Amino acid sequence: MKATKILIIDDEPQIRRLLRFTLESKDYAVISAANGQEGLAMAANHNPDLILLDIALPDQSGHEVLQELQGWCAKPVIMLSVLDNEQDIVRALDTGAVDYLTKPFRSRELLARIRSGLRYKQEPSTSPLIQIGNIKIDLSARTVTKSGVLLRFTPTEYKLLCLLAKYEGRVLTHQQLLKEVWGIAYQKETQYLRVYIGQIRKKIEDNPNAPDLLITEPGIGYRLG
């Protein structure tokens, strides 16, 4: 069976060594680059399944590399940053990154984010049936069930849940969700999201106060799955 290939683009040798050790111990194939131009060339020549991309590179920013990748590479990109900077994170996600990690990160978290990233598809799911945990969404019948029990949603709750489900595993920013569900004029009305996310959690989560399906990324947005 062909090993899943991961490209690391990071200028810190110690980070590249740590990532290589962690990933190869889980049977991933690893290739790496120390700057943006080298990383773009390796992405073009080696067709990785997923890319780990540092924001702070010596020749150009990770944001610029990500922007260029979006023009021709459909593989998931997870951004890495030593700074937990909300502006950087939102910019990366809005540009097309599927996730982000702040250094230093725990190996288990890294591997979980990679598994989630590998499930991500560049385009939203077009399947009429979406299964996330014990939640099943039938887009054709417009129904949602939990362990076979039918759940009731308002039209707005349903629209928001379906949007998150179609991008399962991907963080969608507050602005992305507000624009798609309420319209461009509502992109700053984050209180709308908090209310509706809370209502959805009460219906789909076993414990809405400790959710394990609909996850908050503080200051950034939400992910389902």
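Residues numbered from 1 in each chain as written. Predicted model: local features only at pLDDT ≥ 70, side-chain atom pairs only at ≥ 80, totals over all residues. Heavy atoms only, no water.

**Brief notes about the overall build of the protein**
- If you tally the helices and strands in the protein, you get eight helices and twelve strands.
- Scaling as 2.2 N^0.38, a compact globule of 225 residues should have a C-alpha radius of gyration of about 17 Å, and the protein matches this with 18 Å.
- Its C-alpha atoms put the protein at 50 × 40 × 30 Å along the principal axes.
- In the protein, which comprises 225 residues, the share counted as buried stands at 45%. (Helix = DSSP H or I, 4+ residues; strand = E, 2+ residues; numbered from the N terminus. Rg over C-alpha atoms; globule rule 2.2 N^0.38 Å. Buried < 20%, exposed > 50% of the residue type's maximum accessible area, 1.4 Å probe, protein only.)

**Focus: a positive patch on the surface**
- A grouping of Lys 26, Arg 108, Arg 115 and Arg 119 is seen on the molecular surface, where their side chains present a positively charged patch.
- Checked against the element boundaries, Arg 119 lands in helix α5 (residues 107-119). (Patch = residues over 30% accessible without salt bridge, like charges linked within 9 Å, V, L, I, M, F, W, Y side chains within 5 Å. Areas by Shrake-Rupley, 256 points an atom, 1.4 Å probe, with all protein chains shown as cover. Salt bridge = Lys/Arg side-chain N within 4 Å of Asp/Glu carboxyl O. Lys, Arg positive; Asp, Glu negative; His and termini not counted. Charge placed at Lys NZ, Arg CZ, Asp CG, Glu CD.)

**A look at the sheet that holds strand β8 (residues 143-146)**
- Read from one edge to the other, the open sheet built from four strands follows the order β6-β7-β8-β9, with strand pairing classed as antiparallel. At either end of the open sheet lies a strand with only one pairing partner, and these are β6 (129-132) and β9 (149-151). Within this sheet the neighbouring strands show an average axis-to-axis angle of 25°, counted without direction.
- In this structure, β8 lies alongside β9, joined through three bridges in antiparallel fashion. (Pairing = 2+ DSSP bridges. Axes fitted to C-alpha atoms, helices over the stretch in contact; angles between N-to-C directions.)

**Topic: the side chain of Lys 146**
- Relative to the helices and strands, Lys 146 is located in strand β8.
- You can call Lys 146 buried: its relative accessible area is 16%.
- In terms of polar contacts, Lys 146 uses its side chain to reach the backbone carbonyl oxygen of Glu 205, at 3.3 Å.
- At 3.0 Å, the side chain of Lys 146 and the side chain of Asp 206 are in polar contact.
- Other than its neighbours up to four places away in sequence, Lys 146 contacts Asn 134, Ile 135, Leu 151, Lys 203, Ile 204, Glu 205 and Asp 206. (Polar contact = N/O pair within 3.5 Å; in protein donor to acceptor, adjacent residues only side chain to side chain. Contact = heavy atoms within 4.5 Å.)

**Side note on the packing of helix α6 (residues 155-166) against helix α8 (residues 190-204)**
- Direction vectors running N to C along α6 and α8 enclose 80°, while the axes themselves pass 10 Å from each other. Judged by the angle between their axes, α6 and α8 are roughly perpendicular. Within the contact between the two elements, α6 uses Thr 156, Glu 157, Leu 160, Leu 161 and Leu 164 and α8 uses Leu 193, Tyr 196, Ile 197, Gln 199, Ile 200, Lys 203 and Ile 204.
- Of the residues assigned to the contact of α6 with α8, the class counts are eight nonpolar, two polar and two charged. (Parallel < 35°, antiparallel > 145°, perpendicular 65-115°, else oblique. Nonpolar A, V, L, I, M, F, W, Y, C, P; charged D, E, K, R; others polar.)

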